[in-house]
Amino acid sequence: MASEHSAAQVLVASNRGPVSYTLREDGSLDAKRGGGGLVSGLSAIGPDAGAVWVCAALGDGDREAARRAGAGHLDPGDTGGQLVRMLDIAPEVFDAAYNGIANSVLWFVHHLLYQTPLEPVFGPEFRAQWGAYQAYNAAFADALAQEAADGAAVLIQDYHLALVPGLLRERRPDLRIGHFSHTPWAPPDYYRLLPDDVAASVLRGILGGDRAAFLTERWALAFADCAAAVLGAEVVRDGARLSVRFDGRETRLGVHGLGADADFLLQRSRAADVDERLTALRAQIGPGRRTVVRVDRTELSKNIVRGLLAYRRLLETHPEWRERVVHIAFAYPSRQDLAVYRDYTEQVRRVADGINAEYGTAGWQPVALHVKDDFARSLAAYRLADVALVNPIRDGMNLVAKEVPVVSERGCALVLSREAGAYAELGEAALVVNPYDIEATARALHEALSMGDGERAERTKRLVAAATALPPAQWFLAQLRELTEA
């Protein structure tokens, strides 16, 4: 049953919360606030909504903050006034659930990343990790059940918490429960790589909600197809309305394409620290040269290596671009606690170094690779971009594709993978590529670099309009409205 804190009419659940903590040597805690769509959305509904955010402690500082809070909320002074309950889940359980299942299984399935002759292998280790994932999801369901007021609306985020809607439904059938997937959703044949019981459990978990939402219609339809193939669920299409009927319940499916926050980006990109980095980048590039910009984390789905190979092919087939263009490639290390990600980061370095060794001259470095995360430097690169290269193997959305056109000072051409969720909204104004085809990507880069000012400006205008159609606060509020008004 609900606890003494049961006042929340709106609740959000996500693995990562809006604040993180570092433990100082003197035992005090240093709080650092984050941003993003959920923060913007909760701010937009106002303090009177009684909103609570439930999240997990991610490190030692977070765990200490969670222990000091007990079963209560973090100090509102640390969270900007937001009510946050941070869960102190045992580190070994968290690691098995987060790294073992969420990032090494569910992420790989939805991004179609397995090398199937060798992986996946679902044996005893996987079963132990799956047990941890179930326990991790149950901890969230318990906390949400305790925090929620009667009939409250609960918005659960992403593949980390796929079981929570069903678990929470068992505990609190009075609640309005929604789940949002920030990743793609795998088609049935690939999804069924998962053990049968696990594939069914994930679907049942999400279908425990009143609503399941996705970034594009493509991912929503794939989910529906999986529900039909794995569970035998009924998929109902009534005009634009799509829902899944299963086990005596109906779960509506929705689409909310998260957009760029233009106001924030334009203001932040003109700050002094961005200007400083812009000056440094211009010095590194040299006068009069065009720029091809990419900004990614070194996640396996981002396809950075093939992007570099396509750029090398451009220099090989169009020697007129040598010494006239620089590829600014930001590849910020991600998930370096997993060996496969460390190896991929090193491969990115090797390919970039190889291009510079093969084509570089005394006055020109073809690839400017940066691997230290620096948001201000990313925004400086956005401002400089003549061409943005966004070529993921598969991506739920890809906000970089939406952000660069907003910030680019001269307007930019977008070379975009058809496998990015952003393709659904930006495809008509972009140069669209098959992410596996480096020859075609090289041709698209040449076309983008050769594009006349008028065409580039017209395409940029269309890109910006589509990219900013549903900014973060409105994206969140649209989900909440659809969940509560049904």
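Residues numbered from 1 in each chain as written. Predicted model: local features only at pLDDT ≥ 70, side-chain atom pairs only at ≥ 80, totals over all residues. Heavy atoms only, no water.

- As recorded in an unreviewed UniProt entry, the protein chain goes by Trehalose-6-phosphate synthase and comes from Streptomyces milbemycinicus.
- Under the UniProt heading Sequence similarities (unreviewed entry), the note attached to the protein chain is "Belongs to the glycosyltransferase 20 family." (UniProt positions renumbered as here; feature names shortened; annotations may be inferred.)

### Some words on unusual backbone geometry
Link 1 in the chain: Look at the link from Glu119 to Pro120: it is a cis peptide, with omega at 5°.
Link 2 in the chain: As for its position among the elements, Pro120 is in the loop between helix H4 (91–110) and helix H5 (124–147).
Link 3 in the chain: At Leu112, a position not held by glycine, the phi torsion is positive, near 55°.
Link 4 in the chain: Checked against the element boundaries, Leu112 lands in the loop between H4 and H5.
Link 5 in the chain: The phi dihedral of Asp158 is positive, around 80°, even though this residue is not glycine.
Link 6 in the chain: Tracing the backbone through its elements, the reader meets Asp158 in the loop between strand S6 (148–157) and helix H6 (164–171). (Helix = DSSP H or I, 4+ residues; strand = E, 2+ residues; numbered from the N terminus.)

### Thoughts on the side chain of Thr183
Link 1 in the chain: Structurally, Thr183 is set in the loop between strand S7 (176–180) and helix H7 (188–191).
Link 2 in the chain: Given a relative accessible area of 4%, Thr183 falls into the buried group. (Buried < 20%, exposed > 50% of the residue type's maximum accessible area, 1.4 Å probe, protein only.)

### A word on the pairing of strand S15 (residues 387–390)
On any regular strand, side chains alternate: one points to one face of the sheet, the next to the other face.
Link 1 in the chain: The side-chain alternation of S15 yields two buried faces, one formed by Val387 and Leu389 and the other by Ala388 and Val390.
Link 2 in the chain: Relative to strand S16 (residues 413–417), S15 is paired through four bridges, and the arrangement is parallel. Each residue of the ladder has a partner; that of Leu389, found in S16, is Val415.
Link 3 in the chain: In the classification by handedness, the crossover that spans S15, the intervening helix H15 (residues 400–407) and the parallel S16 is right-handed. (Pairing = 2+ DSSP bridges. Right-handed = clockwise from strand over helix to strand, strands pointing away.)

### Here's the deal with helix H17 (residues 438–450)
Link 1 in the chain: If you check H17, its first and last C-alpha atoms are 18 Å apart, about what 13 residues at 1.5 Å a residue would give, namely 18 Å.
Link 2 in the chain: Among the residues of H17, Ala440, Thr441, Ala442, Ala444, Leu445, Ala448 and Leu449 are the ones counted as buried.
Link 3 in the chain: Where H17 is buried, its residues touch strand S12 (290–297), helix H12 (304–317), strand S13 (325–332), S15, S16 and strand S17 (431–433).
Link 4 in the chain: Its side-chain oxygen placed 3.2 Å from the backbone nitrogen of Glu439, Asp437 serves as the N-cap of H17. (Expected span 1.5 Å × (residues − 1). Contact = heavy atoms within 4.5 Å. Polar contact = N/O pair within 3.5 Å; in protein donor to acceptor, adjacent residues only side chain to side chain.)

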